[in-house]
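Survey of secondary and tertiary structure
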Amino acid sequence: MTTAPTLASIASETRDASEITGVTVERIAQITKQMNVLGLNARIEAARVGQQGAGFALVAEEVRKVSGQIGNIASELGETLKARLSGLEQMVSQLSIAATGTRLVDCAFNAIDLIDRNLYERSCDVRWWATDADLVAAAQSQERDALRRAGQRLGVILDAYTVYSDIWLVGLDGRVLANGRPGRFPVTGAQVSGANWFSAAMAVRDGDGFVAGDVETSTHLGGKATMAWATPVRMGGARNGQAIGLLVTQFDWAPQAEAVLKSLRFCTEDGEMRGYLVDARGRVLAARGPGAERITQIELPGEQANGWCTRGPGLMGFHRTEGFETWRGKGWFGVVERL
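First, a word on what this report is: a plain description of the structure on this page. If you're wondering where the values come from, they're calculated on a predicted model, not measured in any experiment. Per chain, residues are indexed from 1 in the order of the written sequence. Reporting of local features is limited, given that this is a predicted model, to residues whose pLDDT is at least 70; pairs of side-chain atoms are given and counted only at 80 or more, and all residues count toward the totals for whole chains, interfaces and linings. Water and hydrogen atoms were dropped before computing side-chain values, which therefore reflect all heavy atoms in the structure.

1. A few points about the packing of aromatic side chains
- In summary, the pairing rule links any two rings of Phe, Tyr or Trp, Trp by its six-membered ring, whose centres are within 6.5 Å, and it sorts them by plane angle into stacked for under 30 degrees, edge-to-face for over 60 and tilted for everything else. Taken as a whole, this structure holds twelve aromatic pairs when the rule is applied.
- Clustering of aromatic rings is evident, with ring pairs tying together W128, W129, Y161, Y164, F251, W253 and W332.

2. Examining the environment of L177
- On the secondary structure map, L177 appears in strand 2 (residues 176-179).
- Residues L177 and E143, spaced 34 residues apart in sequence, show a C-alpha to C-alpha distance of 9.8 Å.
- Residues count as neighbours in contact if any of their non-hydrogen atoms are within 4.5 Å of one another. In this structure, L177 is in contact with Q142, L147, L169, V170, G171 and T188, ignoring residues within four places of it in sequence. Helix numbers and strand numbers start at the N terminus; a helix is a DSSP run of H or I with at least 4 residues, a strand a run of E with at least 2.

3. Let's talk about the sheet that holds strand 10 (residues 333-338)
- A pair of strands is considered paired only if DSSP assigns at least 2 bridges between the two. An order of 7-6-10-9-8 is seen for the five strands of this open sheet, with the pairing classed as antiparallel. Each of the sheet's edge strands pairs with one partner strand only, and the pair in question is strand 7 (284-288) and strand 8 (306-311). The mean inter-strand angle of the sheet, taken between neighbouring strand axes irrespective of direction, is 20°.
- Examined bridge by bridge, strand 9 (residues 314-320) and strand 10 share six bridges and lie antiparallel to one another. The residue of strand 10 that forms the bridge with L315 is R338.
- The sheet strands contacting helix 6 (residues 253-262) are strand 6 (273-278) and strand 7, and the helix crosses strand 7 at an angle near 50°. Angular values range over 0 to 180 degrees, each being the angle between N-to-C directions of two axes fitted as lines to C-alpha atoms, with helices fitted over their stretch in contact.

4. Considering the side chain of N179
- By the secondary structure assignment, N179 is in strand 2.
- Residue burial is assigned from relative accessible area. The probe radius is 1.4 Å, only protein chains are included, and a residue is buried under 20% of its type maximum, exposed over 50%, and partly exposed in between. For N179, a relative accessible area of 2% gives the class buried.
- Think of a polar contact as two N or O atoms within 3.5 Å of one another; within protein, one of them needs to be a possible hydrogen donor and the other a possible acceptor, and neighboring residues in sequence only count if both atoms come from side chains. A distance of 3.3 Å separates a polar side-chain atom of N179 from the backbone oxygen of R181.
- For N179, the side chain forms a polar contact with the main-chain oxygen of F185, separated by 2.9 Å.
- Look past the residues within four positions of N179 in its chain and what remains in contact with it is G151, L154, D166, I167, W168, F185, V187 and T188.

5. With respect to the pairing of strand 4 (residues 224-234)
- Across the eleven residues that make up strand 4, a large majority, nine, are buried.
- Across six bridges, strand 3 (residues 211-218) lies against strand 4 in antiparallel orientation. The residue bridging V211 from the neighbouring strand is A230, located in strand 4.
- A loop of five residues connects strand 3 with strand 4, the two strands running antiparallel in sequence, and G222 in this loop sits at a positive phi of about 70°.

6. Thoughts on the nonpolar core
- Throughout, nonpolar core names a set of buried Ala, Val, Leu, Ile, Met, Phe, Trp, Tyr and Cys residues whose side chains join them through atoms within 4.5 Å. Among the nonpolar cores identified, the biggest contains 47 residues, and L169, L247, W253 and L277 are the most heavily contacted of them.
- For this core, the leading source of residues is helix 2 (residues 53-129), giving nine residues.
- Those residues in contact with L247 that lie beyond four places of it in its chain are V126, W129, A130, L135, L154, I167, W168, W229, A230, T231 and V233.
- With 17 residues, the next largest nonpolar core counts W168, A190, V192 and L246 among its residues.

7. With respect to the sheet that holds strand 5 (residues 243-252)
- Spatial ordering of the open sheet is given by 2-1-5-4-3, a layout of five strands whose pairing is antiparallel. Each of the sheet's edge strands pairs with one partner strand only, and the pair in question is strand 2 and strand 3. For this sheet the average axis-to-axis angle between neighbouring strands, irrespective of direction, equals 25°.
- Sitting on the sheet, helix 4 (residues 144-160) touches strand 1 (164-170), strand 2 and strand 5, and the angle it makes with strand 1 is about 155°.

8. Regarding helix 4
- Its 17 residues give helix 4 an end-to-end C-alpha distance of 25 Å, which sits within 8% of 24 Å, the value for a rise of 1.5 Å per residue.
- Buried residues of helix 4: A146, L147, A150, G151, L154, G155, I157 and L158, and no others. Expected helix span is given by 1.5 Å per residue-to-residue step, counting one fewer step than there are residues.

9. Examining the pattern of salt bridges
- The salt bridge definition used is simple: a Lys or Arg side-chain nitrogen within 4 Å of an Asp or Glu carboxyl oxygen. Scanning the model with the defined rule gives 15 salt bridges in all.
- Between R281 and D279 there is a salt bridge whose closest N-O contact spans 3.5 Å.
- The class for R281 is exposed, based on a relative accessible area of 59%.
- A salt bridge links R311 to E337, with the nearest nitrogen and oxygen atoms 2.8 Å apart. On the criterion of sequence distance, the pair formed by R311 in strand 8 and E337 in strand 10 is long-range, its members being 26 residues apart.
- The structure contains a network of salt bridges with shared partners spanning E121, R122 and D125.

Below is the structure:
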């Protein structure tokens, strides 16, 4: 890989071009002085036309030779400066591209870091709420009044946390026992044991564990894009208690992801820009920018955690999740593209 030029290397190249120019100009000045002397001699000889004509011819010939030398030096100077300045132009162009690429990587990191911080809080929420006394009692007894109180409790949580579409209390058999928004999402009694997060959540060993599902369209939530977070509800709310059910929070993905991408600060001189959140397989989870809604898959280079590359006529910067606190991330990427 070619090393990106630096300002120091450009300055050095500029100094070299300046020194070449100075030396060459000095040579031209010296030859010009010679021409002045020869010109003076030529005028003297011209006054002595006749027997001194041969001397005049000699001086004239020398003037011609010196003029030729000046022409050659000027030509060399022009070619040298042209080549060196062309090199400078290329270095500046490469430096500009490298600087833009680096800035795109920084923007990509900002995007994935913001979503990571958001998701870290979601991992805390589901583990905390799974210990709620009303939810524990409802999961254990599954009596009507207990389930009603659990639904009311979930509704109170949803009123305070607007990032969720719904929250479910699920039995060990995969049946939804109660939810926080029954009027909007009548999911009570629905069977969700076939969900991709169910088996993994049932296998969580203690109260520190949880499962973060993939972003998917939920038929139970009216076709909304959602990300399910699940952890067992345990006997007595104890960290190592026996699992008696599951708490599942449904993270309302689209508006939260959109807010993250809108927070990216694109400069007007950047031209058209696109921002993406992409999963570990390159599937676009969220996008912002002209025509971005048509992009469903992005191929990222190799196993790089971050970097920038050309993408068609533009540049693309990317950065893989670094996680936040106890949230290790899902291998997702922030991606920013300059068209």
